[in-house]
Every structure is written in structure tokens, then in C-alpha cells.
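Inside the fold
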Amino acid sequence: MTDTETRSVVVEREIPYPPEKIWRALTQPHLIEEWLMKNDFKPVVHHRFSLSADWGGVECQVQALVPNRTLTYSWDTKDLESVVTWTLTPTDKGTRLRMEQAGFRADQQAYLRGATVGWPRFLDRLEEVLARTD
């Protein structure tokens, strides 16, 4: 791997809900707070928003969205500039949800490990939120 190459973390799940329901959990601030972090998110391209938790925060900007299909935003901490992309694909049983966080440099193994462990936990919480909301 060269210094210019970056790595990604990808988590994919089949979730037994329609894309519209999952989309709400990805884009409504009160629901995002339940599974991810406190935030001031708006589903508007170029909107800048912050995510905050006990350990610190993340500065983000919406880069692209197609309602109920894809959502892309930057995910920047003091040392990491990355991009998170959510893709929702309808299936016979619900939705295939794919999350990719791209942009980890070779010298950012700790961030890569953190994301590899953290995103499945966030998705577990997302599924819990979906199970108890309309």
C-alpha cells in the first residue's frame, strides 16, 4: 500500500424494514441522536453539521443525497478526513443497508480499527431504534 492509498470500512446488513423507514433514522436528528450521536443534521446538500459524543466530535458536510437511496457526507476529526456513504437497496425481505467510510490513510490504523469496531455497534443501535419506531 502506498502513502496515497486509502482504506475503507464497509458494513452491510439486510434489515427487515422498507428503505423509507431506514431513511428517516438516517436523516432525522432526534433519531440520529438515538443510534449515533447528538447532531444538527439536515438532509440538504452542502449543509454543515456536527456530531458530538463524550469523547469529542465530528465535523460533517452533506455531499450528496437521493431520498430513500443514498446519503453521503464528509466525516472529519482533527486528524481524519473521510467520507461516509449510506446506500439503501430494496430487497424481498426489506432493505440491504450498506455503510462505507472511506479515506483512512496508511498511518491511521487506530482510526481504521476504531471504525471497524464502532460502525457495527452503531448499526446494532440503529436496528434497535428501527424496531421501536414507526
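See the structure shown above.
The sections below set out a description of the structure shown in this document.

Along the chain, lysine 21 turns up in helix α1 (residues 19-27). Among buried Asp, Glu, Lys and Arg side chains, lysine 21 stands out as unpaired, with aspartate 134 the closest opposite charge at 5.9 Å. Those residues in contact with lysine 21, other than ones at most four positions away along the chain, are Leu130, Thr133 and Asp134.

Once that is clear, we can look at the pairing of strand β6 (residues 81-91). Within a regular strand, the side chains alternate between the two sheet faces. Sheet topology places strand β5 (residues 70-76) next to β6; 7 bridges connect them, and they run antiparallel. What sits directly across from leucine 71, in β6, is tryptophan 86. Strand direction decides the pairing type here: β6 and strand β7 (residues 94-105), joined by 9 bridges, are antiparallel. By the bridge assignment, tryptophan 86 is partnered in β7 with methionine 99. The hairpin turn running from β6 into β7, its antiparallel successor, is 2 residues long.

Taken as a whole and judged by the stated rule, the model has 7 aromatic pairs. Look at tryptophan 35 and tryptophan 86: their rings are 5.6 Å apart centre to centre, the planes differ by 90 degrees, and that puts the pair in the edge-to-face class. Here tryptophan 35, found in helix α2 (residues 29-35), pairs with tryptophan 86, found in strand β6; they are 51 residues apart in sequence, far enough to count as distant. Classification of tryptophan 35 as buried rests on a relative accessible area of 1%. Judged by relative accessible area, tryptophan 86 falls into the buried class, the value being 0%. Judged by centre distance (5.7 Å) and plane angle (80 degrees), the rings of tryptophan 86 and tryptophan 119 are edge-to-face. One end of the pair, tryptophan 86, is in strand β6; the other, tryptophan 119, is in helix α3 (residues 109-132), and 33 residues separate them in sequence. You can call tryptophan 119 buried: its relative accessible area is 2%.

The rules behind the values
Residues numbered from 1 in each chain as written. Predicted model: local features only at pLDDT ≥ 70, side-chain atom pairs only at ≥ 80, totals over all residues. Heavy atoms only, no water. Helix = DSSP H or I, 4+ residues; strand = E, 2+ residues; numbered from the N terminus. Buried < 20%, exposed > 50% of the residue type's maximum accessible area, 1.4 Å probe, protein only. Lys, Arg positive; Asp, Glu negative; His and termini not counted. Salt bridge = Lys/Arg side-chain N within 4 Å of Asp/Glu carboxyl O. Contact = heavy atoms within 4.5 Å. Pairing = 2+ DSSP bridges. Phe/Tyr/Trp six-rings, centres within 6.5 Å; stacked < 30°, edge-to-face > 60°.

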